[in-house]
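Now for the letters of each chain:
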Amino acid sequence: MRRDWCVLAGIALFFGLATEAVQQPTIPPGQQPPQQQRERARPPAEQAAPASEGTPGKKERPAVPEEKSAVTHHSARVGGQAINYTATAATYNIKADDGTVKATMFYVAYVKEGIADPAKRPVSFVYNGGPGSASLFTHMGMGPKRVVLTADGHGMPAPYTIVDNEDSFLDATDLVFIDAISTGYSRPAPGETPAQFHGIIADANWFADFIYQYITRNERWASPKFLIGESYGTTRSAELAGVIQERHQIYLSGIALLSSVAFSNWGADNRTIFFLPTYTTTAWYHHLLPPDLQSLPIDQVAQKAREFTHGEYAQALEKGDQLSSAERQRVVADLARFTGLSTRFVEEANLRVSPFRWFKELERDKRRTIGRLDSRFEGIDVDAAGERNEYDPSEASYEGAFVATFHDYTRRELKWDSDAYYTVSANVRPWDQTGNTEVAEVLRAAMTQQTYLKVLVLCGYYDVATPFNGIENTFAHMNLEPPIRKNVSFAYYEGGHMMYVDEKEHHKLHKDIDDFINVSYTH
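These numbers were taken from a predicted model, which means no experiment stands behind them.

S.K.: What's the story with the overall build of the protein chain in this structure? I'm lost.
M.R.: A count of helices and strands for the protein chain gives 14 helices and 14 strands. Taken over 523 residues, the protein chain has a buried fraction of 58%. Of all intrachain contacts in the protein chain linking residues separated by at least 6 positions in sequence, the fraction that spans at least 24 positions is 73%.

Spelled out as structure tokens, the structure:
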């Protein structure tokens, strides 16, 4: 399941130490303590060989996991053309600086066949979020095969089916789908402590090492390289942009942030502010706004909501208890107008509507709840009187279809034969938040130093997990100089967190990503 818990409580001991070998993490300058220089981790060429087994006085290490690989050949119709491609489902052993195997990472790579010079072909590394979510959702939404859903993205009953994904990005780029350590088929090596992989900086370091291995083994160093991360995967991408530059001197051509986290620990009032435009677009979808707003197209409704949110509403929250009675009543009325909620509820909530209350409240009179990943979806609870909803109806609708088709597809078509358990949603708590408030600075520094690095931010109007106004605010406050700021673009979708479940929107996503990749490097 896709439980994104992007603002996590507590900070764990940094990098929970492993049994023997300790990986020296690469920490981007923006996350290093002032005046403190940290030694950059040694590149792979300088890594020492692991200690020999059975050395007197040395504890024997567990057996090294065996790398596996299954290679198959396929054809699919993508972007109006028939594409022949090679699929490789495999694992890489990821090592510490002394050569000790620390983890095994699973991936599936799709490489277009018949390319005269693969070094000039773009390669994109794709992953999901959570943290703790495996890559199967992005895999079955963006890969060469996709799950058959209804036109608006609802799941259908079994037997589930897959078809050629005409909107895969394979026409523009090779694709490598990666499972984070502890998720999917990726695992810590025997005897290794899982906690050392669970944190903002640690996670980016392991992904950087995987990418280094992949481009080295597959002779893709000269290829244009892209990151496509969803949800927490956007935080990973922002951090990875700096880590992979510092650690391996790998420069990226582009980063696509799909349903992006805001990269910051906002205060309570800020969080309320950034959710509000999504409340408005959702109320518009469910026909709950007053006629003058309901009659506008969604992009104009969203802009009206932004203006109210960062104007009258933000000023009212800033005043707090100093807000006059007249001002309060005006804000209550306007907040109800932009959210579809009653003035009584807004008043009783002290002008601050949390998403978990909102899921339950918006259509309480219809005895329906609203989806978190996609607020177009409606659910039904045991009663209509509760404080919060029992489940996310959007996730519940299509999750079974994604999981079932992924298992069937990897075994029957990709010939991946493993008795290992595929962990769809891993418990990676506590997630080490060290460096969280500097993630935006890491991305800013990478974009500034890698002057050709472009960023595309993809936002769903009905995404309540990562509301679009949060990441808008992040980029507005990153202090990007104009020559760098022009490398950032935004695209918006009438969909939710996984906009690719919607038939119309996955066509748009395909065009937006293809165009982004094609203009982000010199052909």
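Let us keep going from here.
S.K.: Please clarify how helix α14 (residues 503-519) should be interpreted in this entry.
M.R.: It helps to recall that an α-helix has 3.6 residues per turn; residues three or four apart then point in one direction. With 17 residues, α14 ought to run about 24 Å at 1.5 Å a step, and its terminal C-alpha atoms sit 25 Å apart, in line with that. Every buried residue of α14 is listed here: Glu505, His506, Leu509, His510, Asp512, Ile513, Asp514, Phe516 and Ile517. Lining the buried residues of α14 we find β4 (123-127), β5 (145-147), β9 (225-231), β10 (254-260), β13 (454-460) and β14 (488-493). Where α14 begins, the side chain of Asp502 points an oxygen toward the backbone nitrogen of Lys504, at a separation of 3.1 Å.

S.K.: What is the right way to look at the environment of His310 in this model?
M.R.: Mapped onto the elements of the fold, His310 is located in helix α6 (residues 298-319). Its relative accessible area of 37% is what places His310 among the partly exposed residues. Apart from the residues lying within four places of it in its own chain, the contact partners of His310 are Ile273, Phe274, Asn469 and Asn473. At 2.7 Å, the side chain of His310 and the side chain of Asn469 are in polar contact.

S.K.: Can you help me understand the environment of Pro467 in this one?
M.R.: Positionally, Pro467 belongs in the loop between β13 and α12 (468-476). A relative accessible area of 10% means that Pro467 is categorised as buried. It is 6.7 Å that separates the C-alpha atoms of Pro467 and Phe274, two residues lying 193 residues apart in sequence. Contact partners of Pro467, with chain neighbours within four places excluded, come to Phe274, Phe275 and Thr278.

S.K.: In this structure, what is going on with the pairing of β13? I would like to understand it.
M.R.: In regular strands, side chains alternate between the two faces of the sheet. Taken across its seven residues, β13 has six buried, putting it largely inside the fold. Pairing analysis gives five bridges linking β10 to β13, with the strands arranged parallel. Of the residues in β13, the one forming a bridge with Gly254 is Lys454.

S.K.: Got a minute to help me understand α6 in this structure?
M.R.: Here α6 contains 22 residues, and its C-alpha end-to-end distance of 30 Å stays within 8% of the 32 Å for a straight helix at 1.5 Å per residue. A bend of about 35° at Tyr313 is the largest found in α6. Those residues of α6 that fall on the buried side of the exposure criterion are Ile298, Val301, Ala302, Ala305, Arg306, Phe308, Thr309, Gly311, Tyr313, Ala314, Ala316 and Leu317. Buried positions along α6 lie against α4 (268-285), α5 (291-294), α7 (325-339), α12 and β14. Gly320 sits one or two positions beyond α6 and adopts a positive phi of about 60°.

S.K.: Teacher, can you tell me more about the packing of aromatic side chains here?
M.R.: Aromatic rings considered in pairs are described by the distance between their centres and by the relative angle of their planes. Counting across every chain of the model gives 33 aromatic pairs. Ring geometry for Tyr212 versus Trp221: centroids 5.6 Å apart, planes at 85°, classification edge-to-face. What links up through ring pairs into an aromatic cluster is the set Tyr92, Tyr107, Phe125, Phe210 and Tyr214. Sitting over the ring of Phe338, Arg337 keeps its end group 5.6 Å from the ring centre.

S.K.: It is not clear to me how the pattern of salt bridges should be interpreted in this structure. Could you clarify?
M.R.: Two side chains of opposite charge can pair, provided their charged atoms sit close to one another. Scanning the entire structure with this criterion turns up 28 salt bridges. When the shortest N-O distance is used, the salt bridge between Asp164 and Lys145 registers 2.5 Å. Note that Asp164 is positioned in strand β6 (residues 162-164) and Lys145 in strand β5, a separation of 19 residues in sequence. Residue Lys145 is classed as buried on the basis of its relative accessible area, which comes to 13%. Connected through shared salt-bridge partners, Asp97, Asp209 and Arg247 make up one network.

S.K.: Would you mind going over the pairing of strand β1 (residues 69-78) with me for this structure?
M.R.: Burial of the side chains of β1 is restricted to one face: Ala70, Thr72, His74, Ala76 and Val78 are buried, whereas none of Ser69, Val71, His73, Ser75 and Arg77 on the reverse face is. Summarising the sheet, β1 and strand β2 (residues 81-95) pair through ten bridges and their orientation is antiparallel. The residue bridging Ser69 from the neighbouring strand is Ala90, located in β2. Joining the antiparallel neighbours β1 and β2 is a turn of two residues, in which Gly79 adopts a positive phi near 60°.

S.K.: Even after reading the chapter, I still don't get unusual backbone geometry, so can you show me in this structure?
M.R.: What is expected of a backbone is that most residues other than glycine have negative phi and most peptide bonds are trans. Cis geometry is adopted by the peptide bond preceding Pro131, which originates at Gly130 and carries an omega value of -15°. Checked against the element boundaries, Pro131 lands in the loop between β4 and α1 (136-142). One non-glycine residue with positive phi stands out, namely Ser231, at about 60°. Counting through the fold element by element, Ser231 comes out in strand β9. Positive phi, close to 55°, is recorded for Gln249, a residue that is not glycine. Along the chain, Gln249 turns up in the loop between α3 (232-248) and β10.

S.K.: Looking at this structure, I do not really get the packing of α6 against α7. What am I missing?
M.R.: A pair of packed helices is characterised by two quantities: the angle between their axes and the separation of those axes. Contact geometry for α6 and α7: axes closest at 11 Å, N-to-C directions at 150°. With respect to their mutual orientation, α6 and α7 come out roughly antiparallel. Seen from above, α6 lies across α7 with left-handed handedness. Two secondary-structure elements touch here, α6 through Lys304, Ala305, Phe308, Glu312, Tyr313, Ala316 and Lys319 and α7 through Glu327, Arg330, Val331, Asp334, Leu335 and Phe338. In the contact of α6 with α7, the residues fall into seven nonpolar, no polar and six charged.

Definitions and cut-offs
Residues numbered from 1 in each chain as written. Predicted model: local features only at pLDDT ≥ 70, side-chain atom pairs only at ≥ 80, totals over all residues. Heavy atoms only, no water. Helix = DSSP H or I, 4+ residues; strand = E, 2+ residues; numbered from the N terminus. Buried < 20%, exposed > 50% of the residue type's maximum accessible area, 1.4 Å probe, protein only. Contact = heavy atoms within 4.5 Å. Expected span 1.5 Å × (residues − 1). Polar contact = N/O pair within 3.5 Å; in protein donor to acceptor, adjacent residues only side chain to side chain. Pairing = 2+ DSSP bridges. Bend = angle between axes of the 7 residues up to and from the residue. Phe/Tyr/Trp six-rings, centres within 6.5 Å; stacked < 30°, edge-to-face > 60°. Lys NZ or Arg CZ within 6 Å of the ring centre and 35° of its normal. Salt bridge = Lys/Arg side-chain N within 4 Å of Asp/Glu carboxyl O. Axes fitted to C-alpha atoms, helices over the stretch in contact; angles between N-to-C directions. Parallel < 35°, antiparallel > 145°, perpendicular 65-115°, else oblique. Left-handed = near helix turned anticlockwise from the far one by under 90°. Nonpolar A, V, L, I, M, F, W, Y, C, P; charged D, E, K, R; others polar.

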